[in-house]
Structure formats: structure tokens, C-alpha cells
Amino acid sequence: MQMKFRPRGVCSREIQLELDENQVIRTCNFIGGCHGNTQGISRLVEGRPAKEVIQALSGIRCGMKKTSCPDQLSIALQQMLDEEK
């Protein structure tokens with residue numbers, strides 16, 4: 001399953017995701033945002049189960065913002081899992 005997600009309230013403009021049949025993250029790419037941070041997030045989450053990543057990243061804030069790129073990634077993953085049902 002693949003998705004292109006438009007994050008809100010962060011610097012990234014798009015998150016491109018692919019999950020395999022076991023809901024494990026195959027690929028994760030951020031368009032825009034802090035390149036080093038988003039590249040690091042992508043490498044850390046690839047190969048991990050989506051549910052595990054959602055638990056780890058949900059609710060993370062960036063400075064005074066109510067969300068962050070990791071939090072937006074958790075929202076995108078949850079949407080993907082919800083759409084599979």
C-alpha cells in the first residue's frame with residue numbers, strides 16, 4: 001500500500017509512504033523540512049511495523065508548534081491502517 005500525505009503545521013510539504021502486506025514500513029520519504037532530521041526519521045522507521053512507529057512518534061511537538069514531522073508521520077500511518085480496514 002502506498003500513500004502521499006500532505007502534512008499540516010510543519011515545514012515538510014509531503015510524506016511518501018509504502019507499507020508491505022504485514023503493515024511494515026518499506027519506504028518513507030519526506031519532501032521539504034529539515035533534511036537531516038527527516039532523513040534520519042526515514043531511516044529509523046523503515047523496516048519497523050507501522051503500529052510501533054505510531055506509538056513512538058504520536059504527540060511529538062516541534063518547538064511551540066502543536067505537531068512535528070514525526071507526529072505528522074504517525075498521523076499518515078494511522079490513516080493508512082484505517083484505510084486498510
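Read on for a plain summary of the structure. (Residues numbered from 1 in each chain as written. Predicted model: local features only at pLDDT ≥ 70, side-chain atom pairs only at ≥ 80, totals over all residues. Heavy atoms only, no water.)

## Comments concerning the nonpolar core
Stated precisely, the cut-off is as follows: By convention a nonpolar core is built from buried Ala, Val, Leu, Ile, Met, Phe, Trp, Tyr and Cys residues, the set being connected through side-chain atoms within 4.5 Å. Each residue is placed in one exposure class: buried if its accessible area under a 1.4 Å probe, protein chains only, is under 20% of its type's maximum, exposed if it is over 50%, and partly exposed if it falls in between. In this description a helix means any DSSP run of H or I spanning at least four residues, a strand means any run of E spanning at least two, and both kinds are numbered starting from the N terminus. In this description, contact between two residues means that some pair of their heavy atoms is separated by no more than 4.5 Å.
With 21 residues, the main nonpolar core has Leu17, Cys28, Val45, Leu73 and Leu77 as its most contacted residues. At the level of secondary structure, the elements contributing two or more residues to this core comprise strand 1 (2–5), strand 2 (12–19), strand 3 (25–32), helix 1 (35–45), helix 2 (50–57) and helix 3 (69–84). Ignoring sequence-local partners within four residues, the contact set of Val45 consists of Ile25, Cys28, Val53, Leu57 and Leu73.

## Looking at the environment of Lys65
With respect to the secondary-structure elements, Lys65 resides in the loop between helix 2 and helix 3. Considering only alpha carbons, one finds Lys65 and Asn29, 36 residues apart in sequence, at a separation of 22 Å. With residues up to four places along the chain from it excluded, the contact list for Lys65 reads Gly9, Val10 and Cys11.

## Brief notes about the side chain of Ser12
By the secondary structure assignment, Ser12 is in strand 2. According to the relative accessible area criterion, Ser12 is buried, its value standing at 3%. What Ser12 contacts, discounting residues up to four positions off in sequence, is Pro7, Phe30, Ile31, Gly32, Gly33, Thr38 and Cys69.

## A few points about the sheet that holds strand 3
For clarity, the cut-off: At least two bridges found by DSSP between two strands is the condition for calling them paired. All axes are obtained by fitting lines to C-alpha atoms, using only the stretch in contact for helices, and the reported angles, taken between N-to-C directions, cover 0 to 180 degrees.
Pairing is antiparallel in the open sheet, where three strands are placed in the order 1-2-3. Two strands close off the open sheet at either side, each with one partner strand: strand 1 and strand 3. Between one strand axis and the next, the sheet turns by 10 degrees as a mean value, whatever way the strands run. Summarising the sheet, strand 2 and strand 3 pair through seven bridges and their orientation is antiparallel. Looking at strand 3, one finds that Ile15 is bridged to Phe30. Along the sheet, helix 1 makes contact with strand 2 and strand 3, crossing strand 3 at roughly 170 degrees.

## Topic: unusual backbone geometry
Even without being a glycine, Gln23 presents a positive backbone phi close to 65 degrees. In this structure, Gln23 sits in the loop between strand 2 and strand 3.

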